[in-house]
2 protein chains.
Amino acid sequence: MPAERRTYRREGEERRREALIDAVLDLVAEGGPQAATVRAIADRAGVTAGLIRHYFQTKEDLTRAAYRQVMVKMTTDNARVLDTAPADPATRLAAFVAASLRPPVLDSVAFGIWAGFVHLIRKDPAMRDVHAQTYLGYRDMLQQLIADLGRVNDPAVLRAQAIASNAVIDGLWMEGCVLPDSFDPGELERIGLSSVGAILGFDLSSHLPVAA
Amino acid sequence: MPAERRTYRREGEERRREALIDAVLDLVAEGGPQAATVRAIADRAGVTAGLIRHYFQTKEDLTRAAYRQVMVKMTTDNARVLDTAPADPATRLAAFVAASLRPPVLDSVAFGIWAGFVHLIRKDPAMRDVHAQTYLGYRDMLQQLIADLGRVNDPAVLRAQAIASNAVIDGLWMEGCVLPDSFDPGELERIGLSSVGAILGFDLSSHLPVAA
DNA sequence: AGATTACTTATACAGGCGTATAATTTCAGG
DNA sequence: CCTGAAATTATACGCCTGTATAAGTAATCT
């Protein structure tokens, strides 16, 4: 007996694309990129596999979109702390650094997703562009905050300080995600603040607002 | 007409295992983990696919062996710079930091493999042990070099300085591997030295030996 | 030289992959 | 209500994957 077709509702482009992207991120976070097959993605999104090709020309297309979204979200989450931060440049920088080293930015799920996409970044020029854009966007934001301190004018020095600050934050972020049990609560934030402060020659730790 | 069997030479376990592991690393370097299929690996190693199962119980086994080898090699390569370094503690630390931020340690292959198998690291206790061992081994080495400077006695301060120094090195290493074209030659080494120096409150840049 | 061992090749298999396309259902507008 | 376009399902295809196993060949030992 021929099984009946499953019923469905039309949802429209935006909702479907979002559901499919979310499914990709879920799966990559759980089992790495190889777990995100078209059938698994469709299943997770409550849809059949054929629909993917209706909204994305190819699976690689969907992958790219998912990566773009997660990177943008992470930098957006991080930047949001500036919306509620005081006007004082030092406090703003301290809040920004600290926010990078605690949830939701410091999140092993986000890290798993990021790590899963790394090999695609190296292979695919479009992915590399997304990475460069978000990475440089984050670094530029950091550099602006450093510039706002008004302690440095030389652009070359500013660039080097931004790269170094970004690197120490990235390194702490990475280690906190991979070996979360190796650090005491708040230790990474504290080390991040004192390290960036040391790089800038500026006491940053004392400027952190009480609670985020 | 039945094509003739290809002729071959017996090589023995050690040579074959090594060739297969090297093939995995080659392929991952070129096309990411998903490029390392059993057939591609065998082809690269000058062998037919069936032989893999003769030396490794499963493909995951071979993958683990390749991961272990590349991690051990990376820390070994990095530590080797100390063999030929002068006795002066500051020079030794500077040489160690700089070596971490140039080839062969700054190598996208190692990073790609590590990133590609982060999920395996989290699930498989044996892999997590390898990671923790190499990571903490590196950090302990760094901490010892910092201690040899004789500027700090408080163990807690020493630990924080080691974590921060390790983080900035990791962050620079990571960015250099992912976006090698975003940095001038030697830029990462220079930033690494000045950043670690800033964290330690010690001018490290002037202690780098001329050539490695 | 001939038998034996185990190294290596070759082939088969079942399943999963991404993609293509036809069939069907939903929903909006006349 | 009915028609038509778009959304969605369903099915099929060819290729590739990892694994299993049989067949064959090279080197070793006697």
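Residues numbered from 1 in each chain as written. Chains lettered and ligands numbered in written order. Predicted model: local features only at pLDDT ≥ 70, side-chain atom pairs only at ≥ 80, totals over all residues.

### Observations regarding the overall build of chain A
For chain A, the helix and strand inventory stands at 9 helices and 0 strands. What you see in chain A, going N to C, is helices and strands ordered as α-α-α-α-α-α-α-α-α. Reported as C-alpha extents along the three principal axes, the dimensions of chain A are approximately 75 × 35 × 30 Å. Here the contacts in chain A between residues at least 6 apart in sequence split such that 62% fall between residues at least 24 apart. (Helix = DSSP H or I, 4+ residues; strand = E, 2+ residues; numbered from the N terminus. Contact = placed C-beta atoms within 7 Å.)

### Quick word on the nonpolar core
Generally speaking, nonpolar side chains in soluble globular proteins are found buried as a group. Ranked by size, the top nonpolar core spans 119 residues in total, and within it Val24, Val97 and Val168 of chain A together with Val24, Val97 and Val168 of chain B carry the most contacts. If near-sequence neighbours (up to four positions away) are discounted, Val168 of chain A is found in contact with Gly192, Ser195, Val196 and Ile199 of chain A together with Ala164, Ala167, Val168, Gly171 and Ser195 of chain B. (Core = buried A, V, L, I, M, F, W, Y, C linked by C-beta atoms within 7 Å. Buried ≥ 20, exposed ≤ 12 C-beta atoms within 10 Å, placed from the backbone.)

### Digging into the relation of the copies chain B and chain A
Superposing chain B onto chain A requires a rotation of 178° together with a translation of 0.2 Å along the rotation axis, leaving an RMSD of 1.2 Å. Here the two chains are linked by the operation of a two-fold rotation axis. Most of the interface of chain B is mirrored in chain A: 87% of its interface residues are interface residues there too. (Least-squares fit on C-alpha atoms with pLDDT ≥ 70 in both.)

### A word on the packing of helix H6 (residues 108–123) of chain A against helix H6 (residues 108–116) of chain B
H6 of chain B packs onto H6 of chain A with a crossing angle of 145° between their chain directions and a minimal axis gap of 7 Å. H6 of chain A and H6 of chain B meet at a crossing whose hand is left-handed. Here Ala115, Val118, His119 and Arg122 of chain A of H6 of chain A lie close against H6 of chain B, whose contacting residues are Ser108, Gly112, Ala115 and Gly116 of chain B. Its residues assigned to classes, the contact of H6 of chain A with H6 of chain B shows 3 nonpolar, 4 polar and 1 charged. (Axes fitted to C-alpha atoms, helices over the stretch in contact; angles between N-to-C directions. Left-handed = near helix turned anticlockwise from the far one by under 90°. Nonpolar A, V, L, I, M, F, W, Y, C, P; charged D, E, K, R; others polar.)

### So, the interface of chain B and chain A
Contacts between the two partners involve 30 residues from chain B, matched on the other side by 30 residues from chain A. At the level of secondary structure, the elements contributing two or more residues to the side of chain B that touches chain A comprise H6, helix H7 (118–123), helix H8 (125–148), helix H9 (155–178) and helix H10 (187–200) of chain B. With 13 residues, the top contributor of residues to the side of chain B that touches chain A is H9 of chain B.

### So, the protein's contact with DNA strand C
Close to DNA strand C lie 27 residues; Thr37, Val38, Thr58 and Lys59 of chain A together with Gly50 of chain B are nearest. At the level of elements, helix H2 (38–44), helix H3 (50–55) and helix H4 (59–80) of chain A together with helix H3 (50–55) of chain B are the ones that each hand at least two residues to the surface near DNA strand C. When its residues are assigned to classes, the surface near DNA strand C shows 8 nonpolar, 7 polar and 12 charged. (Near = placed C-beta within 6 Å.)

### Some remarks on the confidence of the model for chain A
Confidence in the prediction of chain A, expressed as mean pLDDT, is 90, and 97% of residues score 70 or more. The weakest mean pLDDT in chain A belongs to H6 of chain A at 79; the strongest belongs to H2 of chain A at 98. (pLDDT = per-residue confidence, 0-100.)

### A look at the protein's contact with DNA strand D
Residues in close proximity to DNA strand D total 26 residues, the closest being Thr48 and Gly50 of chain A together with Thr37, Val38 and Lys59 of chain B. When residues of the surface near DNA strand D are traced back to their parent elements, those giving at least two are helix H1 (13–31) and H3 of chain A together with helix H2 (38–44) and H3 of chain B. Ranked by the residues each element gives to the surface near DNA strand D, the list is headed by H3 of chain A, at 3 residues. Per-class residue counts for the surface near DNA strand D are 7 nonpolar, 7 polar and 12 charged.

### What to know about unusual backbone geometry
The omega torsion across Pro103 of chain B and Pro104 of chain B is 5°, close enough to zero to call that bond cis. Topologically, Pro104 of chain B is positioned in the loop between helix H5 (89–100) and H6.

### Side note on H5 of chain B
Residues and elements named next belong to chain B. Between its first and last C-alpha atoms H5 spans 17 Å; for 12 residues at 1.5 Å apiece the expected length is 16 Å, and the two agree. Of all the 12 residues making up H5, 10 are buried; the element is thus mostly covered by neighbouring parts of the structure. Along H5, the residues classified as buried are Ala90, Arg92, Leu93, Ala94, Ala95, Phe96, Val97, Ala98, Ala99 and Ser100. Of the surrounding secondary structure, the elements contacted by the buried residues of H5 are helix H4 (59–80), H8, H9 and H10. (Expected span 1.5 Å × (residues − 1).)

### Quick look at the packing of helix H5 (residues 89–100) of chain A against helix H7 (residues 125–148) of chain A
All names here are of chain A. Look at H5 against H7: their axes get within 8 Å of each other, and the N-to-C directions meet at 150°. As far as their axial angle goes, H7 and H5 are roughly antiparallel. As for the relative orientation of H5 and H7, their crossing is left-handed in sense. Side by side, H5 and H7 meet where Pro89, Arg92, Leu93 and Phe96 of the first sit next to Leu145, Ile146 and Asp148 of the second. When grouped by side-chain class, the residues that make up the contact of H5 with H7 number 5 nonpolar, no polar and 2 charged. (Parallel < 35°, antiparallel > 145°, perpendicular 65-115°, else oblique.)

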